[in-house]
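Here is how the chains run, residue by residue.
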Amino acid sequence: MKRIIRTVAIALICGLLAAPQIEAQGRRNNNGGNRPSSSASAPGRGQGNQGNRPSAGNRPAGGQNNGRPTENSRPSGNNRPDRPSSGNHNQGGNHAPGRPSNGGHHNPGGQPAPGGHHAPGRPAPARPNRPPHHEYHRPTPPPTFRPHHGCPVVNGILGITFGTALNISINQLMNSGYIIDSYGNNVVYLRNVREQGYYWNDAALYYGSGGLMGSEFYYTTNYYDIARYNSLYNSFVRQYGSPINYQAVNNGYVATWFGYNNQYISLQFAPIYASNGQLRYVTTLSYGK
């Protein structure tokens, strides 16, 4: 009986001691359930608007945002659309847009600049009274001819020495103020050239593999006018004596004086059909080697 009473008394005492702890634990559990966990994002001091920011995994690389491209999406230095890649640069550094590189000079019309002794040239403007183009032929002295003291000495034409290349001749003519009408096929055409005290409507300089080799100066009228021919003929006779060759050809006359090293002066007057098909009376003065 005493054992039962002691057991019941111990149970009551334990129950009284346990009740305050159970109540305190319940209060802690109830209050803790209303607090946000420390791992949850909430507006607070120093945190900024964390709830509206994208997570680190969704941010553009390199911390870029506000619509700016990422490092991976930017064009690389060699692929930017506003400049050519390094593989297209002129290594010499002399190339500029719209301008050919120094590797080849070009003139208007896409033709290469004249070089050597042949140039593609530029077309001649219409010169209806000019004698038609013909191949250059130098006169040949007779087999018995021997140069003598006082014979013509002709080393060049219009300040250009025999043997000068076509492209160099063009530069010299332009620098001297001559009017270049056209050039090509180893010939340069000039206009309004002064020679031997006269103006000539047209002139032609002829070139070969050895450079400048001959010339022709033309004066044309639509009527028979031999005055210039006679004046020049008399002047050359006074200087060099009688011509080595003299003959009447094609209803006109031709006289030729030869000098050293195949140099010559030739003077001709003849009716010739010009480029426009009209009959013209032409005085032609020629120098060559």
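All of these numbers come straight from a predicted model, not from anything done at the bench.

This part is about the overall build of the chain. Assigned secondary structure in the chain consists of 3 helices and 10 strands. Tracing the chain from N to C terminus, the helices and strands come up as α-β-β-α-β-β-β-β-α-β-β-β-β. Here the chain, with 289 residues, has 29% of them falling under the buried criterion. Counting only carbon and sulfur atoms, one obtains 50% of the accessible surface of the chain, whose full area is about 18,900 Å².

Turning our attention to the packing of aromatic side chains. Throughout the structure, instances matching the rule amount to 13 aromatic pairs. Here the aromatic rings of Phe-217 and Tyr-287 are separated by 6.1 Å at their centres, their planes lie at 80 degrees, and the arrangement is edge-to-face. With Phe-217 in strand S6 (residues 211–221) and Tyr-287 in strand S10 (residues 279–288), this residue pair connects regions lying 70 residues apart in the sequence. Here the two residues Phe-217 and Tyr-287 agree in accessibility, since each one is buried. Summarising the aromatic geometry, the rings of Tyr-224 and Phe-269 are spaced 5.2 Å apart at their centres and angled 80 degrees between planes, so their arrangement reads as edge-to-face. Highlighted residues: Tyr-224 in the loop between S6 and helix H3 (227–240) and Phe-269 in strand S9 (residues 264–273), separated in sequence by 45 residues. An aromatic cluster of three or more residues is present, and its members are Tyr-229, Tyr-233, Phe-236, Tyr-240, Tyr-246, Tyr-253 and Trp-257.

A few words on the nonpolar core. In terms of nonpolar packing, the biggest core is built from 32 residues, with Ile-157, Leu-173, Val-188, Leu-190, Leu-205, Phe-217 and Leu-285 touching the most fellow members. If you tally residues by element for this core, the top one is strand S5 (residues 198–208), at 4 residues. In contact with Leu-285, other than residues within four places in its own chain, are Glu-195, Gln-196, Trp-200, Ser-215, Glu-216, Phe-217, Phe-236, Ile-265, Ser-266 and Leu-267. Among the nonpolar cores identified, the runner-up in size contains 10 residues, and Tyr-136, Phe-145, Val-187 and Tyr-264 belong to it.

Among the surface-exposed residues, Tyr-224, Tyr-246 and Tyr-253 lie close enough to one another that they form a single nonpolar patch of about 320 Å² accessible area. Structurally, the position occupied by Tyr-246 is in strand S7 (residues 245–249).

Here we come to the pattern of salt bridges. For the structure on display, the rule yields 1 salt bridge. As a salt-bridge pair, Asp-181 and Arg-191 come within 2.8 Å of each other at their nearest N and O atoms. You can see Asp-181 sitting in strand S3 (residues 179–184) and its partner Arg-191 sitting in strand S4 (residues 187–195), a full 10 residues away along the chain. The class for Arg-191 is partly exposed, based on a relative accessible area of 26%.

In this structure, Leu-158 takes a positive phi of about 55 degrees despite not being glycine. Counting through the fold element by element, Leu-158 comes out in the loop between strand S1 (156–157) and strand S2 (160–161). For Leu-158, a relative accessible area of 15% gives the class buried. Of note, the phi angle at Asn-250 is positive, near 50 degrees, even though the residue is not glycine. Tracing the backbone through its elements, the reader meets Asn-250 in the loop between S7 and strand S8 (252–258). A relative accessible area of 52% means that Asn-250 is categorised as exposed.

What follows covers the sheet that holds S10. The 8 strands lie next to each other as S3-S4-S5-S6-S10-S9-S8-S7, forming an open sheet whose pairing is antiparallel. If you trace the sheet from one side to the other, it starts and ends with S3 and S7, each paired once. Put simply, the sheet's adjacent strands are angled 20 degrees from each other on average, direction ignored. Here S5 pairs with S6 via 7 bridges, running antiparallel.

It is worth spelling out the side chain of Ser-286 at this point. Mapping Ser-286 onto the fold places it in strand S10. Among the residues examined, Ser-286 registers a relative accessible area of 9% and is labelled buried. For Ser-286, the contacting residues outside a window of four places in its chain are Ser-215, Glu-216, Tyr-264, Ile-265 and Ser-266.

Inspection of the secondary structure assignment puts Gln-172 in helix H2 (residues 166–175). Residue class for Gln-172 comes out partly exposed when judged on its relative accessible area of 34%. Put simply, Gln-172 and Leu-158 are 14 residues apart on the chain and 9.5 Å apart in space, counted from C-alpha to C-alpha. When neighbours within four sequence positions are excluded, Gln-172 is seen to be in contact with Gly-159 and Ile-160.

Reading the values: rules and limits
- Residues numbered from 1 in each chain as written.
- Predicted model: local features only at pLDDT ≥ 70, side-chain atom pairs only at ≥ 80, totals over all residues.
- Heavy atoms only, no water.
- Helix = DSSP H or I, 4+ residues; strand = E, 2+ residues; numbered from the N terminus.
- Buried < 20%, exposed > 50% of the residue type's maximum accessible area, 1.4 Å probe, protein only.
- Areas by Shrake-Rupley, 256 points an atom, 1.4 Å probe, with all protein chains shown as cover.
- Phe/Tyr/Trp six-rings, centres within 6.5 Å; stacked < 30°, edge-to-face > 60°.
- Core = buried A, V, L, I, M, F, W, Y, C linked by side-chain atoms within 4.5 Å.
- Contact = heavy atoms within 4.5 Å.
- Patch = residues over 30% accessible without salt bridge, like charges linked within 9 Å, V, L, I, M, F, W, Y side chains within 5 Å.
- Salt bridge = Lys/Arg side-chain N within 4 Å of Asp/Glu carboxyl O.
- Pairing = 2+ DSSP bridges.
- Axes fitted to C-alpha atoms, helices over the stretch in contact; angles between N-to-C directions.

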